[in-house]
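Here's the letter readout for the chains.
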Amino acid sequence: MKVHPGCVRTSWTWPLLLAALAAAAPVAGQQRPVEPEDYGRFESLGTGTLSPDGRWLAYAVNRVDEQNELRVRMVARDSTIVIAYGGGASFSPDSRWLAYSIGVSPAERERLTAEKKPVRNRVGVIDLASGTRVELGEAASFELSPDGSYLAVRAYEPEDRRGADLIVRDLARATNVSFGNVSAFGWAPDGALLAIVVETETGVGNAVQLYDAASGALRVLDTSTSLYRGLAWRDDARDLAVLRTVTDSAYRDTTHVVLAWRGLGRADAARTELDPARAPGFPQEMRIPETRVPEWSEDGSIVMLGLRPRTPAPARAPRDSTGADTARADADGKPSDVQVWHARDLRILPQQKSQEQQDLRRTLLAVWPADSDRLVRIGTDLQETARVLEDPRHATETDRSRHAFGAMFGRPGLDVWLIDTRTGERRRALEDVTFYQGASATGRYLLWFDGADYWTYDIATSRRTKLSAGADATFADEQYDYPVDRLPPHGVAGWTRGDSAVLVYDRYDVWSLAPDGSGGRRLTNGAGDRVIHRLADVEDTDDGIDMLRPLYFTARGERTKQGGWARLRNGTVEPLLLEDARLLRLVRADSAEVFAFTRERFDDAPDWFVADGTLRNARQVSRINSFQQEYAWGRAELVDFTSEAGLELQAVLLYPAAYEPSRRHPMIVYTYEQLSQNLHNYVVPSERSYYNFNVFTAEGYFVLMPDIVYRGREPGVSALEAVVPAVQAVVQRGVVDPERIGLIGHSWGGYQATYLPTRTDIFAAAVAGAPITNFLSFAGAIHWTPGIPEFSHWETGQARMGVPFWEDLDAYLRNSPAHMVHELETPMLMMFGDADGTVDWHQGVEFYNFARRAGREDFVLLVYPGEDHGLRKRENQIDYHRRILQWFGHWLKGEPPARWITEGTTWLQRKQILENGR
């Protein structure tokens, strides 16, 4: 066993991130562990946004007691503006203005909810040059103009109509222009042109209008009694498209005419339209629905639309039902509500029910050459994905029809069709692909991974080329421990501009592969030190990765868990930061070489830092939980151990806040899959977070989170082979009492918390939240929230069983907690919500009954009515949290048991508690 105190630095000689914090901690012994009455003041760090010039950082701070705020910090000075309940910060492009939303306090929200009144946000704006703050009233939405001079604010709609008031604020002049009955709005990509949709109660005056905020000119683009929907500006151009409704009494649904304008703001702006009733070749049985907003191609040559089959108006069915569904109607004309579940259903009925709203919004892709009156249909199946490529002359559509059986049970495959958007001509380009990666930046190539190599398909020549043949690297994820037919890739960073290369990952590094197969080269050098590099999302890559600009990569020590970044510049990769900390959220200012990122450790709350392009000498610009030094706090270490299967694994060990080396402490083991990457995670103490590690350490427990690597058909056995040696590695250090070790987990971790105590007696108590308990019954169950059968999840997903039970019954029994319930000797607390849509709560009922029959008198099942897989009601979250502490407090600390632990609670007792409100 080997322990890394705070992680040992690798051989990289990278610079330290920053100097130690100046504030000294109080003298040991003056600190006390954090207690429940302290939790409310603790803060979490929210989203951060840099102003375009990099001089300001706006970030959210959320507190456990929900007294949240938005902080706006000037980077160069210790000057911060605090906005209570603020959020949604948006800087103007010139960095002069900041617009933001303002929420309500928890007490006000509770009052409004109790009075059944709407809870509404307001909008505010700050002049960052002067510090002047102005509130502009209630706002359902707001948006700054691209030139930064105006703010459009739309109020909430009255209950009886869609339109709402809209104001356009001239920020410099502090004047407003108001519009009524606005249902939608959107700024053009540049300047201050605002498209407005007006929707009146009677329909008279419905229109699409164009307002030039700079000149004050208002122009009506189209007016009618119809509704207008789906405003869509073209990126980087003043071209606009919108849908106008068309109703027909023969149909229950609505179709639309598509209107398009080019060059708005110019005197010669051109207008075209596509009318389904007049367009040559438009399929009569189809409509243009509102569920897909029009979308322009980048060059403006086509507008992408959606199609859906029309739904005829209902008509009374004839009495003769020969050949029809026998459940159509009884003698009184009322049909049965029977559900017909057929073995040939690719999506079983619960899945169809769960996805009903999605299905109603699905469309078939079609393209409209905007200079014509015709439509070209691209999509053929509402369940498939169709896309127009960057070269708008071509589109693709996936096709899973020939691989449907495998897809139903976790072995997906698909074909890819290539479509000519001018003619609709189709050809099958790819067959039986599992890892399709889409098209290249220019639309010249299709990319896929076959389980070992990357391939391209040249659209112009139909040539297939293996890209990775000449690269000395393994691009398949060989650590992927699921029983699949083809290993997945480590991933694709993206295509470079002009399709000169595609950047992909191996285990540690980023590679550049030529699309014609002529070669590949490694861009980073992480393999030697086992540092994983991945492209950081700090640049706009919609047009491809610009290799002429510096590229930033995240860097993470595979074994050390260090975090940081590297930079590729002028063809050379340079390490920038690698710290014993968790470094995240790297963002860059739009118009300046200024970067911001967050840093945290288990004992150091996350904060924002700002630096130049080297990321060195970073300036800390936030400080949350500055009061933490008042409290005793635990620390985190890595523990190396060897599993019984001979695998070199790691675990995170958290120390008690009031750790005393002279005595042995109790320990709680938390399991799931691989958890050592959580070494540096900062955890805010809260009673609503019922598995809260900082609460556990404050209560005097060690917490152990071991990695588990699985073997096919042995999920329970694999967990046993990993967890027991991990516990032994810590016990051997002499800091943990081997007689006072508890086990806890939820969902898949709950399965382990149920399984392990039936196979080992090393745990003095266990807590299992929403666990899988019976492999035979659960394999045939349904994941009710999405409505999908469990078999795909069971065979090639998390359970990793590989085959149905009739092909290896022994493996199913060997890994099932219920099979050895009679061997259970560990006191167990189990929790379920009786509306659990992920793990059917009857798994808990089964195990409860099995445990009672086996004579277990120290088994308790908590059932929370109406709750799903995770508890959502505040009172239930707190209740479960407190019961966990009482359970472990009794069994691991010897505290007197609460009555519910020894005697339970009767129905009448619980009813009286609820009636009394305590």
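Residues numbered from 1 in each chain as written. Predicted model: local features only at pLDDT ≥ 70, side-chain atom pairs only at ≥ 80, totals over all residues. Heavy atoms only, no water.

Student: Is there a simple way to think about the sheet that holds strand β17 (residues 218-223) in this case?
Tutor: Whenever strands of a sheet pair, they do so through backbone hydrogen bonds, lying parallel or antiparallel. One open sheet holds the 7 strands; their spatial order is β11-β12-β13-β14-β15-β16-β17, and the pairing between them is antiparallel. Each end of this open sheet is capped by a strand with a single partner; those strands are β11 (141-144) and β17. The sheet shows a mean angle of 30° between the axes of neighbouring strands, direction not considered. Examined bridge by bridge, strand β16 (residues 207-212) and β17 share 5 bridges and lie antiparallel to one another. Paired with valine 208 across the bridge in β17 is aspartate 222. (Pairing = 2+ DSSP bridges. Helix = DSSP H or I, 4+ residues; strand = E, 2+ residues; numbered from the N terminus. Axes fitted to C-alpha atoms, helices over the stretch in contact; angles between N-to-C directions.)

Student: In this structure, what is going on with the pattern of salt bridges? I would like to understand it.
Tutor: Opposite charge on two side chains allows them to pair when their charged atoms are near. Counted by the stated rule, this structure contains 73 salt bridges. Where glutamate 593 meets arginine 588, a salt bridge forms, and the shortest distance between an N and an O atom there is 2.8 Å. The class for arginine 588 is buried, based on a relative accessible area of 19%. (Salt bridge = Lys/Arg side-chain N within 4 Å of Asp/Glu carboxyl O. Buried < 20%, exposed > 50% of the residue type's maximum accessible area, 1.4 Å probe, protein only.)

Student: Looking at this model, I keep getting lost on the sheet that holds strand β10 (residues 132-138). Mind explaining?
Tutor: Strand order in this open sheet of 4 strands is β7-β8-β9-β10, and the pairing throughout is antiparallel. The sheet terminates laterally at β7 (86-91) and β10, the two strands that pair on one side only. Strand-to-strand twist in this sheet, taken as the mean axis angle between neighbours without regard to direction, amounts to 20°. Relative to strand β8 (residues 97-102), β7 is paired through 4 bridges, and the arrangement is antiparallel. Each bridged residue has a counterpart across the sheet, and for serine 90 the counterpart in β8 is alanine 99.

Student: What am I meant to see in empty space enclosed by the protein here?
Tutor: For the structure shown, the criterion picks out 2 cavities of 30 Å³ or more. Taken as a whole, the largest cavity spans an internal volume of roughly 40 Å³. Around the largest cavity, the lining residues are Ser643, Ala645, Leu647, Leu649, Val709, Arg711, Ser718, Glu721 and Ala722. Of the residues forming the lining of the largest cavity, the biggest block, 3 residues, is contributed by helix α6 (residues 715-731). Looking at the lining of the largest cavity residue by residue, the classes come out as 5 nonpolar, 2 polar and 2 charged. In this model, the second largest cavity occupies a volume close to 30 Å³. Contributing to the lining of the second largest cavity are Val34, Ala632, Trp633, Gly634, Ala657, Asn694, Thr697 and Ala698. Broken down by element, the lining of the second largest cavity gets its largest block of residues, 3 residues, from helix α5 (residues 693-698). Here the lining of the second largest cavity is built from residues that sort into 5 nonpolar, 3 polar and no charged. (1 Å grid on protein atoms, 1.4 Å probe; cavity = no way out; pocket = protein on both sides within 12 Å on 5 of 7 lines; lining within 4 Å. Points joined across faces, edges and corners; volume = space filled by probe spheres on them. Nonpolar A, V, L, I, M, F, W, Y, C, P; charged D, E, K, R; others polar.)

Student: Looking at this model, I keep getting lost on the side chain of threonine 255. Mind explaining?
Tutor: Position of threonine 255 relative to the elements: it lies in strand β20 (residues 255-262). A polar atom in the side chain of threonine 255 sits 3.0 Å from the backbone nitrogen of isoleucine 288. With residues near it in sequence (within four places) discarded, threonine 255 still touches Arg244, Thr245, Val246, Pro276, Arg287, Ile288 and Arg310. (Polar contact = N/O pair within 3.5 Å; in protein donor to acceptor, adjacent residues only side chain to side chain. Contact = heavy atoms within 4.5 Å.)

Student: What is the right way to look at the confidence of the model for the protein in this model?
Tutor: Should pLDDT be low for a region, the predicted coordinates there are not to be read in detail. Scored by pLDDT, the protein has a mean of 93; 95% of the residues are at 70 or more. This model gives residues 1-28 a pLDDT under 50, and the stretch forms 74 contacts once residues within four places in sequence are excluded. (pLDDT = per-residue confidence, 0-100.)

Student: It is not clear to me how a negative patch on the surface should be interpreted in this structure. Could you clarify?
Tutor: A cluster of acidic side chains, namely Asp235, Asp236, Glu295, Glu298, Asp299, Glu390, Asp540, Asp542 and Asp543, defines a negative patch on the protein surface. Of note, glutamate 298 is situated in the loop between β23 (295-296) and β24 (302-309). Overall, the relative accessible area of 47% leaves glutamate 298 in the partly exposed class. (Patch = residues over 30% accessible without salt bridge, like charges linked within 9 Å, V, L, I, M, F, W, Y side chains within 5 Å. Areas by Shrake-Rupley, 256 points an atom, 1.4 Å probe, with all protein chains shown as cover. Lys, Arg positive; Asp, Glu negative; His and termini not counted. Charge placed at Lys NZ, Arg CZ, Asp CG, Glu CD.)

Student: Which parts of the structure should I look at to understand the side chain of asparagine 681?
Tutor: Inspection of the secondary structure assignment puts asparagine 681 in the loop between β50 (665-670) and α5. Look at asparagine 681 and you get buried, because its relative accessible area is 19%. There is a polar contact of 3.1 Å between the side chain of asparagine 681 and the side chain of arginine 582. Within the local environment of asparagine 681, its side chain forms a polar contact with the side chain of asparagine 678, the two groups lying 3.0 Å apart. Setting aside residues no more than four positions away along its own chain, asparagine 681 makes contact with Arg582, Glu600, Arg601 and Phe602.

Student: What is the right way to read the pairing of strand β13 (residues 164-170) from this model?
Tutor: The side chains of a regular strand alternate, first on one face of the sheet and then on the other. For β13, a buried count of 6 out of 7 residues is recorded, marking the element as mostly surrounded by other parts of the structure. The sheet contact formed by strand β12 (residues 150-154) and β13 spans 5 bridges and is antiparallel. Residue pairing for β13: alanine 152 is matched across the bridge by valine 168. The pairing of β13 with strand β14 (residues 175-187) spans 6 bridges and is antiparallel. The partner of arginine 169 across the bridge, within β14, is asparagine 176. Hairpin connection between β13 and β14: a loop of 4 residues separates the two successive antiparallel strands, and alanine 174 in this loop has a positive phi of roughly 60°.

Student: Sorry if this is basic, but what is going on with the nonpolar core here?
Tutor: Across soluble globular proteins, nonpolar side chains show a tendency to be buried alongside one another. Counting residues in each nonpolar core, the largest one holds 60 residues, and the members touching the most others are Ile744, Tyr880, Ile884, Trp887 and Phe888. Beyond its immediate stretch of four places on either side in the chain, tyrosine 880 contacts Tyr690, Tyr691, Val767, Ala768, Gly769, Met831, Leu862, Tyr864 and Leu871. If you look at the next biggest cluster of nonpolar residues, it comprises 55 residues, including Ala766, Ala779, Met801 and Tyr812. (Core = buried A, V, L, I, M, F, W, Y, C linked by side-chain atoms within 4.5 Å.)

Student: Teacher, can you tell me more about helix α14 (residues 907-916) here?
Tutor: The periodicity of an α-helix, 3.6 residues per turn, causes residues three or four places apart in sequence to face the same way. For α14, a buried count of 0 out of 10 residues is recorded, marking the element as mostly open to its surroundings. The positive-phi residue at the C-terminal boundary of α14 is glycine 917, with phi of around 75°.

Student: Teacher, can you tell me more about unusual backbone geometry here?
Tutor: What you tend to see is this: most non-glycine residues have negative phi, and most peptide bonds are trans. One non-glycine residue, alanine 770, lies in positive phi territory at about 45°. Note on placement: alanine 770 falls in the loop between β53 (765-769) and α8 (775-779). Residue arginine 800 is not a glycine yet carries a positive backbone phi of 60°. On the accessibility criterion, arginine 800 (0% relative accessible area) is buried.

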